[in-house]
Amino acid sequence: MTSFGPQPSPPALAPKQLTQACDPEQFSFQTTAELDGLSELIGQMRAMEAVRFGAGIRRQGYNVYVLGPAGMGKRSMVSQILASRVAQEREPEDWCYLNNFSQPHKPQAVSLPTGRGKELREQMVQVVDYLRSAIPALFESDEYRAKAQAIQEEFSKQQEDAFKSLGDDAVKQQIALLRTPGGFVFAPTRNQEVLQPGEYEKLPPQEKQQITAAIAELQERLEKILAHVPQWWKERSERLKQLNRETTLSVITHVMADIRARFSDLTAIQKYLDAVQQDMVENADDFRKEEESTELSGLTIVTRKTFHRYQVNVLVSNGKQAGSPVVSEDNPTYSNLIGRVEHVAQLGALVTDFTLIKPGALHRANGGYLLLDVRKVLMQPFAWDGLKRALQAREIRIESLGQMYSLVSTVSLEPEPISLDVKIVLFGDRLFYYLLQQLDPDFAELFKVAADFEDRIERSGDTHLLYARLMATLCAKDNLLPLDRSAVARVIEHSARLAGDAERLSTHMRSMADLLQESDYWAREDGTTVVVARHVQKAIDAQIRRQDRLRVQLHDAILRGTLLIDTQGSVVGQINGLSVLELGGFAFAQPTRITATSRLGEGEMINVEREVKLSGAIHSKGVLILASFLATRYARDQPLALSASLVFEQSYGQVEGDSASLAELCVLLSHLANTPVLQSLAVTGSVNQLGQVQAIGAVNEKIEGFFDICMARGLTGSQGVIIPSANVKHLMLRRDVIAAAEAGKFHVRAVDHVDQAIALLTSMPAGEVDARGHYPDKSVNQRVAVRIAELSALRKSFARHSEKKRKNRKY
């Protein structure tokens, strides 16, 4: 038989054990205005080391995931660490998209030294602006007109000379070359006069034959000349085009000389300028005729040349920023991360070109750091996959989602990918980190550095001073009134309460900042220049009051008898448990009636909440532990011949957790022993199979929840709460609870074992088992053991009786 030795009833905890006050006299300063500020968060050395390591190592996959709840100051700390690094790092290159003159649907990506992208864009704008005026002026110049006229005259003279030579030869043969609307014709003449048809008919046949032969020969020569005319026109056109090219090339070469010199060290830009120059020469007419008119549905539409193809789309330029960029994207959609190709409407159609390529956050952060909230990334369709794809390929490929998933078949741009060198810093809760580690095989390869923020830090004199300096930092940052020593001490006490541990302090920066700002408000309302303890307390009380509407209603329902809770007297099989509700960051507790019944059975422990599917897994586990404890302690050598039911009365929602298992065990023992339980006490605690009482959460809220009901009904001096001894170090109770304990009107007792708890609850000794396995008379355990033995005997009797009846029926 397992024995834990005597279990004396523990005395009530001393008032000083109910909280760990912060003594203002430990501080040597008068107000926080005298203190130096902090340059980093306190108690976060592990996380800061991880961030520095992740930022420093430039290897693939060493991106950083910063773990911790919101409001810890994670982003501020990471930004501060990165700011100290980026100024010393190399400035990233500019990235531009240029027109691909051979394949316009595949724009060319080019990297340039920092600031050179904007310079190239400005230079190209100046080139185009100059040529738009210089080329038309050059073609209007007298020099060009003279050269063009000379070419025209040269080819006109060549043509005229050919026809004149043919005409002269025809005259010698008394034949005239005539121009008619239908073309050239030959006609016989006499005395330089064209013969009429009648006169021609009168000529001798021999002469007619001579004329016909001569005309045939001349006609053959005419056809050869006419055959050469298109070739002469073509040659003239080529000569004019060559003149135009030479004329255009002269001005383009001149204006491009400067930009070529500026970018002589960049081979890619020199190749681009060659392509630009060639295209400008080939399309010189675009500069001469900038307006074109088209007819559409009877309307004349005039369009102007925009020369977009010569523009430079500077996607990213970091010329104004020293060091590498730190970019934070608050709306990480796929397009905002990867970039996009925009379209414009023209004549009812959507068109695009390389100048409408827009950068994403990865472009802006390339060469530096990109800060993202993992929850926001995961909520955006395709954003997480797009981010991983870019990190794995180490390049940014701009693709529309419609094109990527074959949702649309329209022709779009295919921009050349841009190489990617970026450090991603993800911020998120621990839940997301562990889920991604388990469910996404790529996550561990891409985010190898975890920076885990501490929720709490150890409380000591040194951390008290650091906390005071942190308050000074926040006051200076937000222009708040300084705090005196008493106010600092009250904030530290509240921080321990938020941590749920008298020996720890919360590192939740947002809660502290909110409290300081609200305390500053109340101090200014009082017209003081320093925040004192009463202002901090007023801010705390106001925070609670803004959120405690539901708590007030539930407590009111108890006080009016709607929810049945007794705080006096004693009842068999009925006990006050304590349950916690947390809504919107505000947690409060209330007493809950737990009842138990027992009867003859086969060892079933009926958890009514579980039967109706209102019991969580942990609560169901706690009930099963009770059954194991009963069987081990009271029925080691006999069947556990009972059936028991446990229920949370007037509970209409989910019940979870094992903090009520001590109360459930005590109320079940009460019913088995037929011993009443004091209703002036409430119980919280977890219990294991050996009857040892284990720590639970929210112990302060539970004690205060029962105290508030007792206080409203009137304190009698017998009321109190039983808690696990392991929770004493967590106590940071309200001052009114401590005052009641000092006056002896309310008590908090800590127990290590269920026997201590049942003794307190029944005012009867629990009883220790002796060497023969027996319990002392008039003890709770003895009554329970007797009752279980009675039930076992009844079960055996029923079994013999049933066997006898079966045999009688057989014979």
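Residues numbered from 1 in each chain as written. Predicted model: local features only at pLDDT ≥ 70, side-chain atom pairs only at ≥ 80, totals over all residues. Heavy atoms only, no water.

Caption draft 1: Examining the overall build of the protein chain more closely. Looking only at helices and strands, the protein chain has 27 helices and 32 strands in total. Relative to its length of 811 residues, the protein chain is extended, with a C-alpha radius of gyration of 48 Å against a globular reference of 28 Å. With the principal axes as the frame, the protein chain shows a C-alpha extent of 170 × 95 × 50 Å. Considering only contacts within the protein chain whose residues lie at least 6 apart along the sequence, 76% involve residues at least 24 apart. Accessible surface for the protein chain amounts to roughly 41,000 Å². Of this, 50% is attributable to carbon and sulfur atoms. The averaged location of the 99 negative side-chain charges in the protein chain is 8 Å from the averaged location of its 95 positive side-chain charges. (Helix = DSSP H or I, 4+ residues; strand = E, 2+ residues; numbered from the N terminus. Rg over C-alpha atoms; globule rule 2.2 N^0.38 Å. Contact = heavy atoms within 4.5 Å. Areas by Shrake-Rupley, 256 points an atom, 1.4 Å probe, with all protein chains shown as cover. Lys, Arg positive; Asp, Glu negative; His and termini not counted. Charge placed at Lys NZ, Arg CZ, Asp CG, Glu CD.)

Caption draft 2: A look at the sheet that holds strand β18 (residues 423–428). Within the open sheet, the five strands sit side by side as β10-β15-β18-β1-β19. Their pairing is parallel. Unpaired on one side and paired on the other, β10 (326–328) and β19 (449–452) mark the two borders of the sheet. Each adjacent strand pair in this sheet contributes to an overall mean axis angle of 20°, direction not counted. Pairing analysis gives five bridges linking strand β15 (residues 369–373) to β18, with the strands arranged parallel. Residue pairing across strands places L371 opposite V425, the latter belonging to β18. Sheet strands in contact with helix α1 (residues 45–56) are β1 (64–67), β15, β18 and β19, and its direction is about 155° off that of β19. Sheet strands in contact with helix α2 (residues 74–86) are β1, β10, β15 and β18, and its direction is about 175° off that of β15. (Pairing = 2+ DSSP bridges. Axes fitted to C-alpha atoms, helices over the stretch in contact; angles between N-to-C directions.)

Caption draft 3: Region of the structure containing the environment of N700. On the secondary structure map, N700 appears in helix α24 (residues 699–713). When the C-alpha atoms of N700 and L733 are compared, they prove to be 5.8 Å apart, with 33 residues separating the residues in sequence. With residues near it in sequence (within four places) discarded, N700 still touches R497, H730, L731, M732 and L733.

Caption draft 4: Molecular detail of the sheet that holds strand β31 (residues 720–724). Pairing within the open sheet is mixed, and its seven strands lie in the order β25-β26-β24-β23-β28-β31-β32. Bordering the open sheet on either side are β25 (605–607) and β32 (747–751), each of which pairs with just one other strand. Within this sheet the neighbouring strands show an average axis-to-axis angle of 30°, counted without direction. The strands touched by helix α23 (residues 661–673) are β23 (574–583), β24 (586–600), β25, β26 (642–648), β28 (681–683) and β32; relative to β24, the strand with the most contacts, the crossing angle is about 30°.

Caption draft 5: Highlighting a nonpolar patch on the surface. Together, L431, L435 and L439 line one region of the surface with nonpolar side chains, adding up to about 320 Å² of accessible area. Structurally, L435 is set in helix α14 (residues 430–439). (Patch = residues over 30% accessible without salt bridge, like charges linked within 9 Å, V, L, I, M, F, W, Y side chains within 5 Å. Salt bridge = Lys/Arg side-chain N within 4 Å of Asp/Glu carboxyl O.)

Caption draft 6: Quick peek at the pattern of salt bridges. Tallied over the entire structure, the rule returns 37 salt bridges. We note a salt bridge from D548 to R551, for which the minimum N-O separation is 3.2 Å. Overall, the relative accessible area of 17% leaves R551 in the buried class. Of the charged contacts, one joins D755 and R633 as a salt bridge, the two residues approaching to 2.8 Å between their closest N and O atoms. Here D755 is found in helix α26 (residues 754–762), whereas its partner R633 is found in helix α22 (residues 617–634), with 122 residues between them in sequence. Three or more residues joined by partner-sharing salt bridges are found here, namely R497, E701, E704, D708, R734 and D736. (Buried < 20%, exposed > 50% of the residue type's maximum accessible area, 1.4 Å probe, protein only.)

Caption draft 7: Molecular detail of the pairing of strand β2 (residues 94–98). The element β2 is extensively covered by neighbouring structure, given that five of its five residues are classed as buried. Neither face of β2 is open: one carries D94, C96 and L98, the other W95 and Y97, and all of them are buried. Across five bridges, β2 lies against strand β3 (residues 108–112) in antiparallel orientation. Paired with Y97 across the bridge in β3 is A109. The pairing of β2 with strand β9 (residues 313–316) spans three bridges and is antiparallel.

Caption draft 8: Layout of the pairing of β32. Among the five residues that make up β32, four are buried, leaving the element largely enclosed by the rest of the structure. Note: β31 against β32, five bridges, orientation parallel. Bridge assignment links P724 to a residue of β32, and that residue is V751. Handedness of the crossover joining β31 and β32 through helix α25 (residues 735–742): right-handed. (Right-handed = clockwise from strand over helix to strand, strands pointing away.)

Caption draft 9: Looking closely at the environment of V530. Considering the arrangement of structural elements, one finds V530 in the loop between α18 (509–526) and α19 (533–547). Taking relative accessible area as the criterion, V530 reaches 23% and is therefore assigned partly exposed. Ignoring sequence-local partners within four residues, the contact set of V530 consists of T31, P482, L483, D484, A523 and H535.

Caption draft 10: Layout of unusual backbone geometry. Positive phi, close to 70°, is recorded for F382, a residue that is not glycine. For F382, the location among the structural elements is in the loop between α11 (374–379) and α12 (383–393). F382 gets classed as partly exposed once you look at its relative accessible area, which sits at 36%. Even without being glycine, A698 reaches a positive phi, approximately 55°. Inspection of the secondary structure assignment puts A698 in the loop between β30 (693–694) and α24. Look at A698 and you get partly exposed, because its relative accessible area is 32%.

Caption draft 11: Molecular detail of the packing of aromatic side chains. This structure, assessed with the given rule, holds 16 aromatic pairs. When the centroid spacing of 5.0 Å and the interplanar angle of 55° are considered together, the rings of Y65 and Y433 count as tilted. On the criterion of sequence distance, the pair formed by Y65 in strand β1 and Y433 in helix α14 is long-range, its members being 368 residues apart. The same class applies to Y65 and to Y433, which are both buried. Between W384 and F447 the ring centres are 6.1 Å apart and the planes differ by 15°, which places this aromatic pair in the stacked class. Here the residue W384 occupies a position in helix α12, and F447 occupies one in the loop between α15 (443–446) and β19, the gap between them amounting to 63 residues. Judged on exposure class, the residue W384 and its partner F447 are both buried. An aromatic cluster is present here, built from Y65, W384, Y433, Y434, F443 and F447 joined pairwise through their rings. (Phe/Tyr/Trp six-rings, centres within 6.5 Å; stacked < 30°, edge-to-face > 60°.)

Caption draft 12: Inspection of the state of the cysteines at higher detail. The final tally for this structure, using the stated rule, is zero disulfides. This cysteine, C666, is not joined by any disulfide, and C710 carries the nearest cysteine sulfur, 18 Å off. (Disulfide = S-S within 2.5 Å.)

Caption draft 13: Looking closely at the nonpolar core. Residues M471, L483 and L516 are the most contacted members of the largest nonpolar core, which totals 56 residues. Examining the composition of this core, we find that seven residues originate from one element, helix α16 (residues 461–478), more than from any other. Apart from the residues lying within four places of it in its own chain, the contact partners of M471 are T32, L483, V488, V491, I492, M512 and L516. Formed by 48 residues, the second largest nonpolar core is a distinct cluster that contains A596, A635, C666 and L760. (Core = buried A, V, L, I, M, F, W, Y, C linked by side-chain atoms within 4.5 Å.)

Caption draft 14: Spatial organisation of the side chain of N99. Its place among the elements puts N99 in the loop between β2 and β3. Classification of N99 by relative accessible area gives buried; the value is 9%.

Caption draft 15: Region of interest: the packing of helix α3 (residues 116–139) against helix α7 (residues 267–282). At a closest axis distance of 13 Å, the pairing of α3 and α7 adopts a crossing angle of 20°. Here α3 lies roughly parallel to α7, going by the angle between them. Our pair here, α3 against α7, has a crossing hand that is right-handed. Contact with α3, carried on its side by L120, M124, V127, V128 and L131, involves I269, Y272, L273, V276 and M280 of α7 and no other residues of that element. Of the residues in the contact of α3 with α7, the class split is ten nonpolar, no polar and no charged. (Parallel < 35°, antiparallel > 145°, perpendicular 65-115°, else oblique. Left-handed = near helix turned anticlockwise from the far one by under 90°. Nonpolar A, V, L, I, M, F, W, Y, C, P; charged D, E, K, R; others polar.)

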